Amino acid sequence: MRRTFGWGIAAAAILVAAAAPAGAADRRPARVTGSAEFALPYGQDGDVRSFAFDARSAPYSRPIPLPGGEMGSPADATGTVRVAHWVAADNITVRFEAAVDCMITSPGHATLTGIVTRADEYASDFLGKRVGFSVQDGGRGRDRVGFTWSASADQNEAGQWGPARIGTCLAPAAFATVTRGDYTVRHAELTAPPAGN
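## Points about the state of the cysteines
Summed over the entire model, instances satisfying the criterion amount to one disulfide. The partner cysteine of C102 in its disulfide is C169, sulfur to sulfur 2.0 Å. Sign of the S-S torsion, about -105° for the bond between C102 and C169, identifies this disulfide as left-handed. Of this pair, C102 sits in strand β4 (residues 92-106) while C169 sits in the loop between β9 (161-163) and β10 (176-186), placing them 67 residues apart in sequence. Like C169, C102 is buried.

## Side note on the pairing of strand β1 (residues 31-39)
Direction of pairing for β1 relative to strand β2 (residues 48-57): antiparallel, over a ladder of eight bridges. Residue pairing across strands places A36 opposite F51, the latter belonging to β2. Pairing of β1 with β10 involves nine bridges; the strand directions are antiparallel. Of the residues in β10, the one forming a bridge with S35 is D182.

## Things to note about the confidence of the model for the chain
On average, residues of the chain score 86 in pLDDT, and 86% of them reach the 70 mark or higher. Note on residues 1-24: pLDDT under 50 across the span, and zero contacts to partners over four residues away in sequence or across chains.

## What to know about the nonpolar core
Counting 32 residues, the largest nonpolar core has F51, F53, L112, F133 and Y183 as the members making the most contacts within it. Sorting the residues of this core by element identifies β1, β2, β3 (77-87), β4, β5 (109-119), β6 (130-136), β7 (144-147) and β10 as the ones contributing at least two each. Broken down by element, the residue count for this core peaks at five residues, all from β4. Apart from residues no more than four positions distant in its own chain, Y183 is found in contact with T33, G34, S35, A36, F51, F53, V135, D137, D143, V145 and V178.

## Concerning the pattern of salt bridges
Under the definition given, this model contains seven salt bridges. R31 is the partner of D54 in a salt bridge, and the nearest nitrogen-oxygen pair spans 2.6 Å. Of this pair, D54 sits in strand β2 while R31 sits in strand β1, and the two are 23 residues apart along the sequence. Relative accessible area serves as the criterion here: at 27%, R31 is assigned to the partly exposed category. When the shortest N-O distance is used, the salt bridge between R49 and D47 registers 3.7 Å. There is no split in this pair, since R49 and D47 are both buried. A network of salt bridges, in which partner residues are shared, links D45, D47 and R49.

## Some words on the side chain of D47
Looking at where D47 falls in the secondary structure, it is placed in the loop between β1 and β2. Of the residues examined, D47 reaches a relative accessible area of 18% and is grouped as buried. Side-chain polar atoms of D47 contact the side chain of H85, separated by 2.7 Å. If sequence neighbours within four positions are ignored, D47 has contacts with H85, W86, V87, A88 and A89.

## Regarding the packing of aromatic side chains
Scanning all chains against the criterion turns up 15 aromatic pairs. With a centroid separation of 5.1 Å and 85° between ring planes, the pair formed by F51 and F133 is classed as edge-to-face. Here F51 is found in strand β2, whereas its partner F133 is found in strand β6, with 82 residues between them in sequence. The exposure class assigned to F51 is buried, which follows from its relative accessible area of 3%.

## Points about the environment of A192
Its location among the elements puts A192 in the segment after β10. Owing to a relative accessible area of 60%, A192 belongs among the exposed residues under this scheme. Residues A192 and Y60, 132 residues apart in the sequence, show an inter-C-alpha distance of 9.2 Å.

Definitions and limits used
- Residues numbered from 1 in each chain as written.
- Predicted model: local features only at pLDDT ≥ 70, side-chain atom pairs only at ≥ 80, totals over all residues.
- Heavy atoms only, no water.
- Disulfide = S-S within 2.5 Å.
- Helix = DSSP H or I, 4+ residues; strand = E, 2+ residues; numbered from the N terminus.
- Buried < 20%, exposed > 50% of the residue type's maximum accessible area, 1.4 Å probe, protein only.
- Pairing = 2+ DSSP bridges.
- pLDDT = per-residue confidence, 0-100.
- Contact = heavy atoms within 4.5 Å.
- Core = buried A, V, L, I, M, F, W, Y, C linked by side-chain atoms within 4.5 Å.
- Salt bridge = Lys/Arg side-chain N within 4 Å of Asp/Glu carboxyl O.
- Polar contact = N/O pair within 3.5 Å; in protein donor to acceptor, adjacent residues only side chain to side chain.
- Phe/Tyr/Trp six-rings, centres within 6.5 Å; stacked < 30°, edge-to-face > 60°.

In structure tokens form, the structure reads like this:
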């Protein structure tokens, strides 16, 4: 009886999905969730690096004082990214946390940025700065991440090199392979402003 009941639920779910109108959109916001450790493809060491994401889209929620920015952006987002880096040579863990301000997704991929709001002493230079992340959700065991502070630099008007300035929703491709843990990207299309705006 239990097996028959289970098959009945599965059949009902298939019928409901088939009855949905063609092209019906999932109205849930885009999300990036999960926690994982990853390995760098360069400069291998004994360090353990990890990111924990809990971010979701919040379109048109962050007005900016620029022409056309009064309503905010379709890529506005909220949430938190927590960064931890255990430095093997010093046997210390350095942590910081960023408040998400922007996110754009495509199926299986996300790029997001956040402003660092809390940092350990060793990462205090990050406070108040924007950092960027990329996530590739390839399924358990095949995820990847990328981040801005290790693989990008910038030149000023005088040609002098220094840390890159990170705009909203900017990050390199996901270049580091997840070794433990899992990330989930739920894609949602960017939307037009609400009616009346």
